[in-house]
Amino acid sequence: MNRTLLIARREYAAYAKTVGFWLSLLAFPLFAVLGGAVPILIKSSEPVRAVAVIEEGPQANGLAAAIQDALSRDAERQQERERMANEAAEKATGMPVNSSGAAKGAFARLAGPRLRIVGTPPEIAAAPPGEARDEIVRRYLTDETPKADRLDAVVFLTRDAQGPAARVWTARATDDTVEDFVRDALRSANRKAVFEGAGIDPVVVENAEKFRPTISVFSPKSVSGGEVSFRDKLPTLIGMAGGFLLWSLIITGASILLNSVMEEKSNKILEVLLSSASPTEILAGKVLGVALLTITVLLGWGGIGAVGLVAAAPETAGMIGDILLTGGMLGWFVAFMVGGYLMYAVLFAAVGAFCETPRDAQTLMGPIMLVLVIPIMTMSMAMTTPDAPVVKILSWVPFFTPFLMMARLPSDPPMIELLGAMAGMFAFALFMVWLSGRAFRAGALSDVKLSWKSFAGAIRGGGN
Amino acid sequence: MTAALTLQDVNKRYGGFHAVRDLSFEVGKGSICGFLGPNGAGKTSTIRMILGLQPATSGRIEILGADDGRRVRNRIGFLPEERGLYKKMTPVDAIAFFGALKGLPLGEGRRRAREMLEQQGLGGASRKKMKELSKGMAQKVQLIAAVVHRPEFVILDEPFSGLDPVNQQGLEQMIRGLAADGATVLFSTHVMQHAERLCDKVVLLARGRKAFEGTVDEAKATSRRFLELEGVIEAGQVAALPGVSNVEIAAENDGVRVLKAHLAPGARGQETLKAAFLGGLDVRRFDLREPSLHDAFIDLTGDNPDQDQSVKPAGQEAAR
């Protein structure tokens with residue numbers, strides 16, 4: 001077996017035989033699911049706050065009813081949003097939404113009311129305004145009161161010279177849910193009163209408030225040539241996801257390579273390797289071995305994602321498959337992955353050849369990681385405004401080309417731009433192979449203290 | 001004897017630092033050559049040039065008929081000074097891997113690895129991971145990995161460092177075995193006793209320059225023998241004895257002196273002793289000391305091989 005393949009095989013086996021590798025492979029999809037589910041779970045597990053509403057004096061008449069009305073309207077709007085979300089999901093997946101059990105409970109809580117109005121404790125209702133009443137309120141908001149009778153907020157409604165006003169006592173100083181709700185309700189009550197004062201029929205005001213316009217979006221670039229559907233937005237989402245996936249894969253692969261070379265350097269294996277194979281063979285073998293690992297990771301993530309998507313939304317899975325295969329996106333993805341990986345892998349390997357500890361590596365990796373943040377920040381901009389000059393310019397920078405061009409793909413950038421940036425990326429990748437080869441050769445036998453200056457000196461000297 | 005290795009006027013500079021100066025020597029096929037010198041004398045730099053890992057600044061190196069060690073790397077076995085193997089590999093896999101890099105089929109490498117580990121008393125360790133082995137065991141495994149492909153030329157850089165006396169003896173036997181099988185062995189060391197026991201030839205290096213090239217006996221012959229005498233004797237009385245070139249007082253206690261009488265080249269110690277007794281000198285103890293390679297090294301170079309000569313110029317690679 002040739003030396004490069006031998007080194008690649010050892011490199012692959014060294015990682016693929018460890019439990020840690022497979023655990024970390026599964027960790028990404030697991031955390032992706034958790035990342036999406038946790039906020040929903042937190043939101044759905046939020047308690048419905050028990051709120052007592054008290055009108056202070058005759059000038060506040062009707063304000064409690066306005067709060068109650070607002071609460072009813074809020075519940076209606078939540079239900080309407082849930083219905084629309086279900087419709088959109090059905091349209092996208094082609095399957096009726098039939099959530100059940102815990103999921104149904106969680107979504108019902110998500111769409112349900114955030115607060116409920118409870119009867120005012122007689123103690124509070126009977127007490128005159130002042131410090132004594134505030135003391136009773138404090139007691140009802142803390143654990144001095146049994147849990148069953150405890151309140152989350154007490155709202156005193158009144159009316160001053162400007163209009164409706166409120167004093168809100170809340171159990172948690174940082175929770176502004178009740179405050180926000182009361183503000184919106186009172187604003188709505190005030191608007192209604194102003195319009196009524198101007199002689200406008202209350203029914204008209206109510207209908208005007210309930211009105212929700214129906215908006216349809218059309219584009220000549222949509223698949224149908226007319227109305228924009230979920231299918232039209234899918235390529236952009238895929239491009240964006242592809243860009244992030246590329247970034248994760250390339251950085252994961254290059255980091256594995258960095259650690260592998262660093263380990264060989266610190267364990268004094270590199271010198272033995274160099275007596276048996278050329279630096280080019282070693283570098284190529286290691287890059288190839290880790291590339292195979294990266295492909296394993298990609299296939300693992302892709303497989304888990306595909307199975308999950310086919311099971312949950314077969315129609316969407318079909319659309320994604322169609323976009324990736326017939327739209328040519330998969331081909332571009334592979335090309336960007338090869339060029340991007342090559343560029344970063346050889347650079348990271350060269351850095352590893354100078355380092356014996358992670359602390360050594362930080363000296364060089366710090367600035368590199370700062371540069372790597374730029375495409376992450378720019379990718380979201382590429383999704384909404386793919387033709388923005390900054391996005392266009394940055395996508396020509398070889399270090400950013402794989403990620404930004406991937407994100408720009410759905411907006412059909414000119415072919416000349418696509419091919420030009422790709423050619424630049426591959427030319428730069430080859431330059432990096434040459435440059436990093438010299439640095440690798442020099443670093444592997446060097447005991448020199450690592451710095452950008454010594455790194456540049458090693459590249460100039462090429463190990464001589 | 002045909003030369004397996006020839007170095008001619010080899011120089012190595014790292015920027016302004018001259019690590020190896022005008023080095024020339026030969027190693028005959030099938031011989032064991034000791035490459036001696038203190039740490040920092042230029043041994044590792046020379047070895048790296050021989051292997052083709054670093055180019056010489058000037059001069060010519062020929063190994064196994066090639067002018068570049070890289071061209072014949074499959075015929076060379078190399079054990080570096082600083083050693084390490086993949087910690088998570090088993091000895092058998094590690095040996096087979098390094099053998100395969102030298103062109104040995106993996107299956108054959110595994111078979112030979114098991115056989116050689118067994119011979120070295122490491123049969124029980126063959127399934128363990130490298131990180132579970134003791135330092136001595138790991139070094140033996142690494143040496144096996146360096147020679148599993150049966151190289152014609154074996155280069156060992158400080159192979160005895162870090163080994164206990166028992167393992168050092170075992171390693172000496174392995175080196176003799178390699179030479180007996182026809183391999184040429186070049187090993188560097190700063191411990192002269194190993195070279196004295198093993199080498200057909202030694203090359204002494206000090207501060208990057210060759211100080212001596214020849215057999216161990218030839219090296220020792222360059223150093224003067226001395227007679228150690230203890231008794232109530234005066235230095236002047238001993239200096240007057242035949243064959244004595246100069247006298248040093250090594251110790252003195254209550255009028256009893258220990259004197260070191262250096263003998264002139266070609267002088268016979270027995271004649272000197274005979275003259276001392278016939279002259280009535282009060283000698284209570286005597287010892288005729290042959291010079292060791294260590295003594296020869298000090299005489300030849302003026303350096304102590306146990307002292308570190310390494311110089312690491314700022315901003316340059318370490319030159320050892």
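Owing to the predicted nature of the structure, the values given are computational and were not obtained by experimental measurement.

K.L.:
Honestly, the overall build of chain B in this entry has me stumped. Any pointers?
P.N.:
When its secondary structure is counted, chain B shows 10 helices and 13 strands. Dimensions along the principal axes, computed over C-alpha positions, put chain B at roughly 75 × 45 × 40 Å. Taken across its 320 residues, chain B has 54% of its residues classed as buried. Pairs at least 24 apart in sequence give 69% of the contacts found in chain B among residues at least 6 apart. Across chain B, the centroid of the 44 positively charged side chains sits 8 Å from that of the 40 negatively charged ones.

K.L.:
Whenever I open this one, the domain arrangement of chain A confuses me. Can you help?
P.N.:
Think of interface size as the accessible area that goes away when the parts come together; that is how it is often given. What the domain assignment lists for chain A is domain 1 (3-33 + 230-461) and domain 2 (47-210). Domain 1 of chain A and domain 2 of chain A are separated by 51 Å when their C-alpha centres are compared.

K.L.:
Which parts of the structure should I look at to understand the UniProt feature "transmembrane region" (unreviewed entry) in chain A?
P.N.:
Residues and elements named next belong to chain A. Taking the numbering used here, the UniProt-annotated feature "transmembrane region" (unreviewed entry) corresponds to residues 20-42, 237-262, 282-311, 323-344, 364-383 and 415-435. The straight-line gap between the two end C-alpha atoms of residues 282-311 is 43 Å; of that span, 100% is helix and 0% is strand. For the annotated span residues 364-383, helix accounts for 100% and strand for 0% of the residues, and the straight-line distance between the end C-alpha atoms is 31 Å.

K.L.:
I tried to follow the pairing of strand E1 (residues 3-14) of chain B on my own but got confused; where do I start?
P.N.:
It is a general feature of regular strands that their side chains alternate between the two faces of the sheet. Residue and element names in this part refer to chain B. With 8 bridges connecting them, E1 and strand E2 (residues 17-28) associate as antiparallel partners. Its bridge partner lying in E2, Arg 13 is registered against His 18. Counting the residues between successive antiparallel strands, the hairpin from E1 to E2 contains 2 residues, one of them, Gly 15, with a positive phi of roughly 60 degrees. In this structure, E1 lies alongside strand E4 (residues 58-63), joined through 5 bridges in antiparallel fashion. Residue pairing for E4: Asn 11 is matched across the bridge by Ser 58.

K.L.:
What should I look at first to understand the packing of aromatic side chains in this one?
P.N.:
The geometry of an aromatic ring pair is captured by the separation of the ring centres together with the interplanar angle, meaning the angle of the planes. Taken as a whole and assessed by the stated rule, the structure comprises 14 aromatic pairs over all chains. Ring plane angle 45 degrees and centroid distance 5.4 Å describe the contact between Tyr 344 of chain A and Phe 399 of chain A, whose orientation is recorded as tilted. Here Tyr 344 of chain A is found in helix H13 (residues 329-352), whereas its partner Phe 399 of chain A is found in the loop between helix H15 (389-394) and helix H16 (401-408), with 55 residues between them in sequence. Looking at Tyr 344 of chain A, the relative accessible area reads 1%, which means it is buried. Summarising the aromatic geometry, the rings of Phe 160 of chain B and Phe 187 of chain B are spaced 5.8 Å apart at their centres and angled 75 degrees between planes, so their arrangement reads as edge-to-face. Within this pair, whereas Phe 160 of chain B is found in the loop between strand E6 (153-157) and helix H5 (165-180), its partner Phe 187 of chain B is found in strand E7 (residues 184-189), the two being separated by 27 residues in sequence. No difference in accessibility class separates Phe 160 of chain B from Phe 187 of chain B, as the two residues are buried. Put simply, the rings of Tyr 344, Phe 348, Phe 399, Phe 403, Phe 428, Phe 431 and Trp 434 of chain A pair up and form one aromatic cluster. Taking the ring centre of Tyr 86 of chain B as reference, the NZ or CZ of Arg 10 of chain A above it sits at 3.5 Å. Sitting over the face of the ring of Phe 226 of chain B, Lys 260 of chain B holds its NZ or CZ atom 4.5 Å from the ring centroid.

K.L.:
Would you take a moment to explain empty space enclosed by the protein for this structure?
P.N.:
Over the atoms a probe the size of a water molecule is rolled, and this reveals where empty space is left. The tally for this structure, following the rule as stated, stands at 4 cavities of 30 Å³ or more. A volume near 80 Å³ is recorded for the second largest cavity. Forming the boundary of the second largest cavity are Val 272, Ser 275 and Ser 276 of chain A together with Phe 78, Leu 85, Phe 98, Lys 102, Gln 142, Ala 145, Ala 146 and His 149 of chain B. Every element with two or more residues in the lining of the second largest cavity is listed here: helix H10 (270-276) of chain A together with helix H4 (135-147) of chain B. Residues of the lining of the second largest cavity, tallied by class, amount to 6 nonpolar, 4 polar and 1 charged.

K.L.:
Got a minute to help me understand the interface of chain B and chain A in this structure?
P.N.:
Opposite the 30 residues of chain B that make contact, chain A presents 26 residues. Carbon and sulfur atoms make up 57% of the surface buried where chain B meets chain A, a total of about 2,700 Å² over both sides. Per-residue buried area on chain B facing chain A is highest for Arg 73, Tyr 86 and Leu 101 of chain B; these three make up 24% of the total on that side. At the boundary of chain B and chain A, one finds 1 salt bridge. Glu 271 of chain A is paired through a salt bridge with Arg 48 of chain B; the nearest N and O atoms lie 3.0 Å apart. Joining chain B to chain A, the criterion identifies 5 residue pairs in polar contact (both at pLDDT 80 or more). Looking at the side of chain B that touches chain A, the elements that each hand over two or more residues are helix H2 (91-101) and helix H3 (106-119) of chain B.

K.L.:
What's the story with a positive patch on the surface in this structure? I'm lost.
P.N.:
All names here are of chain B. A contiguous patch of positive charge, built from Lys 87, Lys 88, Lys 129 and Lys 131, is present on the exposed surface. By the element assignment, Lys 131 lies in the loop between H3 and H4. Residue Lys 131 is classed as exposed on the basis of its relative accessible area of 52%.

K.L.:
What is the right way to read the domain arrangement of chain B from this model?
P.N.:
The domain boundaries assigned to chain B delineate domain 1 (3-220) and domain 2 (225-290). Using only C-alpha atoms to locate each centre, domain 1 of chain B and domain 2 of chain B end up separated by 43 Å.

K.L.:
When you look at the side chain of Arg 3 of chain A in this model, what are you seeing that I'm missing?
P.N.:
Mapped onto the secondary structure, Arg 3 of chain A falls in helix H1 (residues 3-16). A polar atom in the side chain of Arg 3 of chain A sits 3.3 Å from the side chain of Glu 281 of chain A.

K.L.:
How should I be thinking about a nonpolar patch on the surface in this particular structure?
P.N.:
All names here are of chain A. Taken together, the side chains of Leu 5, Leu 288, Leu 292, Ile 295 and Leu 299 make up a nonpolar region of the molecular surface, amounting to roughly 430 Å² of accessible area. If one sorts the elements of the nonpolar patch by residue count, helix H11 (residues 279-312) sits on top with 4 residues. Take Leu 292: it is sitting in helix H11. Leu 292 gets classed as partly exposed once you look at its relative accessible area, which sits at 38%.

K.L.:
Would you explain unusual backbone geometry in this entry?
P.N.:
Residues and elements named next belong to chain B. One non-glycine residue with positive phi stands out, namely Asp 9, at about 50 degrees. Tracing the backbone shows Asp 9 in strand E1. Under the relative-accessibility criterion, Asp 9 is labelled partly exposed at 45%. Here Glu 158, not a glycine, exhibits a phi torsion of approximately 50 degrees, which is positive.

K.L.:
How do you make sense of the UniProt feature "domain: ABC-2 type transporter transmembrane" (unreviewed entry) in chain A when you look at a structure like this?
P.N.:
Here the UniProt-annotated "domain: ABC-2 type transporter transmembrane" (unreviewed entry) positions come out as residues 239-436 of chain A. Across residues 239-436 of chain A one finds 85% helix and 0% strand; the C-alpha atoms that close the span lie 30 Å apart.

K.L.:
Help me out: how do you make sense of the sheet that holds strand E13 (residues 282-289) of chain B in this one?
P.N.:
In a beta sheet, neighbouring strands pair by backbone hydrogen bonds and run either parallel or antiparallel. Residue and element names in this part refer to chain B. If you walk across this open sheet you meet the 4 strands as E11-E12-E10-E13, and the pairing is antiparallel. Two strands lie at the open edges of the sheet, namely strand E11 (244-253) and E13, each paired on one side alone. The sheet shows a mean angle of 20 degrees between the axes of neighbouring strands, taken without regard to direction. With 8 bridges joining them, E11 and strand E12 (residues 256-263) adopt antiparallel strand pairing.

Rules behind the numbers
- Residues numbered from 1 in each chain as written.
- Chains lettered and ligands numbered in written order.
- Predicted model: local features only at pLDDT ≥ 70, side-chain atom pairs only at ≥ 80, totals over all residues.
- Heavy atoms only, no water.
- Helix = DSSP H or I, 4+ residues; strand = E, 2+ residues; numbered from the N terminus.
- Buried < 20%, exposed > 50% of the residue type's maximum accessible area, 1.4 Å probe, protein only.
- Contact = heavy atoms within 4.5 Å.
- Lys, Arg positive; Asp, Glu negative; His and termini not counted.
- Charge placed at Lys NZ, Arg CZ, Asp CG, Glu CD.
- Domains from an automatic or database assignment.
- UniProt positions renumbered as here; feature names shortened; annotations may be inferred.
- Pairing = 2+ DSSP bridges.
- Phe/Tyr/Trp six-rings, centres within 6.5 Å; stacked < 30°, edge-to-face > 60°.
- Lys NZ or Arg CZ within 6 Å of the ring centre and 35° of its normal.
- 1 Å grid on protein atoms, 1.4 Å probe; cavity = no way out; pocket = protein on both sides within 12 Å on 5 of 7 lines; lining within 4 Å.
- Points joined across faces, edges and corners; volume = space filled by probe spheres on them.
- Nonpolar A, V, L, I, M, F, W, Y, C, P; charged D, E, K, R; others polar.
- Buried area = accessible area lost by both parts, 1.4 Å probe.
- Salt bridge = Lys/Arg side-chain N within 4 Å of Asp/Glu carboxyl O.
- Polar contact = N/O pair within 3.5 Å; in protein donor to acceptor, adjacent residues only side chain to side chain.
- Patch = residues over 30% accessible without salt bridge, like charges linked within 9 Å, V, L, I, M, F, W, Y side chains within 5 Å.
- Areas by Shrake-Rupley, 256 points an atom, 1.4 Å probe, with all protein chains shown as cover.
- Axes fitted to C-alpha atoms, helices over the stretch in contact; angles between N-to-C directions.

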